[in-house]
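Residue-level listing of the chains:
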Amino acid sequence: MNPVRPITWKGWLLVALIRNLYRLLDLLGYRHGPYPEVNQHEDPGSMRNRWHEFRSGIYLGSKYYYQPFILDEQGSGIREALLTHHTPDSLPEGFQVEHRVSLHAGGDLIPYRAIHPMCCKHLWDEIGDEFFGADLVVANLESPSDFNRPYSPAPEVMLNDMWFNIDRSTWEIFNGGGRWRGMDLVSVANNHSLDQGIEGLESTLDFLRSRGVSYAGASRFELVEESAPVLERNGIRLGFVGATFSLNKGFLPPELKKRCHVVCMNEPDADWSTLVQEVQSVRQRGADLVAAMLHGGGAYQAFPGSVFRNNVHRFCDESGVDLVIAGHPHHPQPVEKYQSKVSGRSHWIVYSLGDFVSYDIFKWSHLSAWLRVEILKGTYPDQNALLGKSQATCIHRLELTPVYVEAIIRGKGVESLRFKKVHGTQGSRSIDCTDKTSQKEFKEVIKYWELCVQPSLGQ
Ligand SMILES: [Fe+2]
């Protein structure tokens, strides 16, 4: 089965050519999969040489154009560990709810030609009310927004390095088209953060400030209050930190290292010290609960690799972070409630929400995970406490909702994009749409969801 759905004839021809080259490699015995490889960090910025980069490109391309991996690393046990029903801890006995907050998170916001006002007039119609209706709405902004430089979206067929930049109208689409209040916070630490250099990053942060949107993972003056904000809603204070596994081929001089947080989390023994300090800082500033927006992991594979997963577990151990919201693989991956042997506590890890407002030709990217979290703050009887009761803030509910992006493709390109609500339950999920190609594709991608994502939450 072809894992991509090209848009134009040129795209179809190019993809056919690439897929035939992979078939040829397969016949010659040079094949990747069906298991992800442990030693592939997929970071263009830390390739040893051109040959390493070329081989890594062939590996990534084989997952994207030829055969995505639906299996986990051979013998790792990751699939079994993740595809069990992870449920929130029960509330402390006698817990009295005093405050309640809802958090919605979307995945990656990425510029493509289809993210255009003409195509996206009705993008949010079906889900906007509900998605932007939460007390706090967050996502990952995977592009600079430097309006003094040319708009630069992702191409239809990826063959070379990409250097993104959005214009104002793309931001408006990302942000709900002006019909809702939009994003409260975006993560700005990802592999495209430096696509327009350090000036591009600064312009992005200035723009977000001018729009009253908070951000995590980068700062203009290396202030922890800026890169790790604390937002209060309904009497609950939520702290956010962020970091990326790579800046692609972007370069940060040593004296500016703290401007954008890079933790090589796709490589063994990642150094989390800076991010651990940020988590401590937001706690000191009164955060009741801390969420880390991480950008990393292996793309085009159903399960996170052991290196990334072990690193994230260690980050939970060292920092005590409550919730990890991760992205970059371009499609959803499972969720895990990690029970730390160090803290004795549970930590929620969402390995990938997938692409959100974007339109990549990779079919799994057309299904996005919408994270809904309900957080409660209150008190419970505690004989050891001075006043006979203690305070706690808990993740009471955590769900992933699949959202399909329907593309109507006619003539030379995408005519319209719309988020579609998914109805029904396991085995009978459907969307309201009359486009036959979209219906066929939806059946393919929802199968992936039901096999590899949904069982982690037992929904
Ligand atoms: Fe990314």
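Residues numbered from 1 in each chain as written. Predicted model: local features only at pLDDT ≥ 70, side-chain atom pairs only at ≥ 80, totals over all residues.

Helix and strand content of the chain: ten helices and 13 strands. Taken over the C-alpha trace, the chain has a radius of gyration of 21 Å; the compact-globule value for 459 residues is 23 Å, and the two agree within 12%. In terms of its C-alpha atoms, the chain occupies a principal-axis envelope of roughly 70 × 50 × 45 Å. Looking at the chain alone, contacts between residues at least 24 apart form 75% of all its contacts between residues at least 6 apart. (Helix = DSSP H or I, 4+ residues; strand = E, 2+ residues; numbered from the N terminus. Rg over C-alpha atoms; globule rule 2.2 N^0.38 Å. Contact = placed C-beta atoms within 7 Å.)

Here helix 6 (residues 197-210) is 14 residues long and its end C-alpha atoms lie 20 Å apart, about the 20 Å a rise of 1.5 Å per residue gives. Those residues of helix 6 that sit buried are Gly200, Leu201, Thr204 and Leu205. Taken down its axis, helix 6 places every buried residue within 135° of arc, on the same side. Contacts from the buried residues of helix 6 go to strand 4 (214-216). Just beyond helix 6, the residue with positive phi is Gly212, at close to 70°. (Expected span 1.5 Å × (residues − 1). Buried ≥ 20, exposed ≤ 12 C-beta atoms within 10 Å, placed from the backbone. Arc of directions from axis to C-beta.)

As a packed pair, helix 1 (residues 9-27) and helix 2 (residues 50-66) sit with axes 10 Å apart at the nearest point and diverge in direction by 120°. The angle between helix 1 and helix 2 places the two elements in the oblique class. In this structure, the crossing between helix 1 and helix 2 has a hand that is left-handed. Of helix 2, the residues touching helix 1 (which contributes Val15, Ile18, Arg19 and Tyr22) are Gly61, Ser62, Tyr65 and Tyr66. The residue inventory of the contact of helix 1 with helix 2, partitioned by class, reads five nonpolar, two polar and one charged. (Axes fitted to C-alpha atoms, helices over the stretch in contact; angles between N-to-C directions. Parallel < 35°, antiparallel > 145°, perpendicular 65-115°, else oblique. Left-handed = near helix turned anticlockwise from the far one by under 90°. Nonpolar A, V, L, I, M, F, W, Y, C, P; charged D, E, K, R; others polar.)

Val324, Ile325 and Val350 are the most contacted members of the largest nonpolar core, which totals 117 residues. Examining the composition of this core, we find that eight residues originate from one element, strand 12 (residues 389-410), more than from any other. Apart from residues lying up to four places away in sequence, Ile325 is in contact with Ala105, Ala291, Met293, Val350, Leu353 and Leu371. (Core = buried A, V, L, I, M, F, W, Y, C linked by C-beta atoms within 7 Å.)

Moving on, we get to unusual backbone geometry. Note on backbone geometry: most residues besides glycine have negative phi, and most peptide bonds are trans. A cis amide bond links Gly33 with the next residue in sequence, Pro34, at an omega value of 5°. Here the phi dihedral of Glu42 falls at roughly 60°; this positive angle occurs in a residue that is not glycine. For Glu42, a count of 24 C-beta atoms within 10 Å translates into the label buried. Phi is positive for Asn248, close to 50°, though the residue is something other than glycine.

Once that is clear, we can look at the sheet that holds strand 3 (residues 185-187). Overall, mixed pairing links the seven strands, which are arranged 4-3-2-1-11-12-13 in an open sheet. Each edge of the open sheet is held by one strand with a lone partner, namely strand 4 and strand 13 (413-421). Between one strand and the next, the sheet's axes are offset by a mean angle of 25°, whatever the strand orientation. Bridge analysis of strand 1 (residues 96-109) against strand 11 (residues 367-381) gives nine bridges, and the strand direction is antiparallel. Paired with His99 across the two strands is Lys377, which belongs to strand 11. Sitting on the sheet, helix 10 (residues 436-452) touches strand 11 and strand 12, and the angle it makes with strand 12 is about 150°. (Pairing = 2+ DSSP bridges.)

The next point concerns the sheet that holds strand 7 (residues 289-295). Strand order in the open sheet formed by six strands is 5-6-7-8-10-9, and the pairing between neighbours is mixed. In the strand order of this sheet, the two ends are held by strand 5 (230-233) and strand 9 (332-339), each with one partner. On average, adjacent strands in this sheet sit at an angle of 20° to one another, irrespective of strand direction. By the bridge criterion, seven bridges tie strand 9 to strand 10 (residues 346-353) in an arrangement that is antiparallel. Bridging across to strand 10, Gln333 finds its partner in Ser352.

Sheet analysis places strand 11 next to strand 12, joined by 15 bridges and oriented antiparallel. Bridging from a neighbouring strand, Glu374 pairs with Arg397 of strand 12.

Turning our eyes to something else, we now look at the packing of helix 8 (residues 273-284) against helix 9 (residues 306-319). Between helix 8 and helix 9, the least distance of the axes is 9 Å, while the angle of their chain directions is 40°. As judged from the angle between their axes, helix 8 and helix 9 are oblique. You can see that helix 8 and helix 9 cross each other, and the crossing is right-handed. When helix 8 is examined against helix 9, the residues Leu275, Val276 and Val279 are found in contact with a partner set consisting of Phe315, Glu318 and Ser319. Among the residues forming the contact of helix 8 with helix 9, the class breakdown is four nonpolar, one polar and one charged.

With respect to the secondary-structure elements, Ser430 resides in the loop between strand 13 and helix 10. Apart from the residues within four sequence positions on either side, Ser430 is in contact with His423 and Gly424.

Read these as layout, nothing more, since geometry by itself doesn't imply function.
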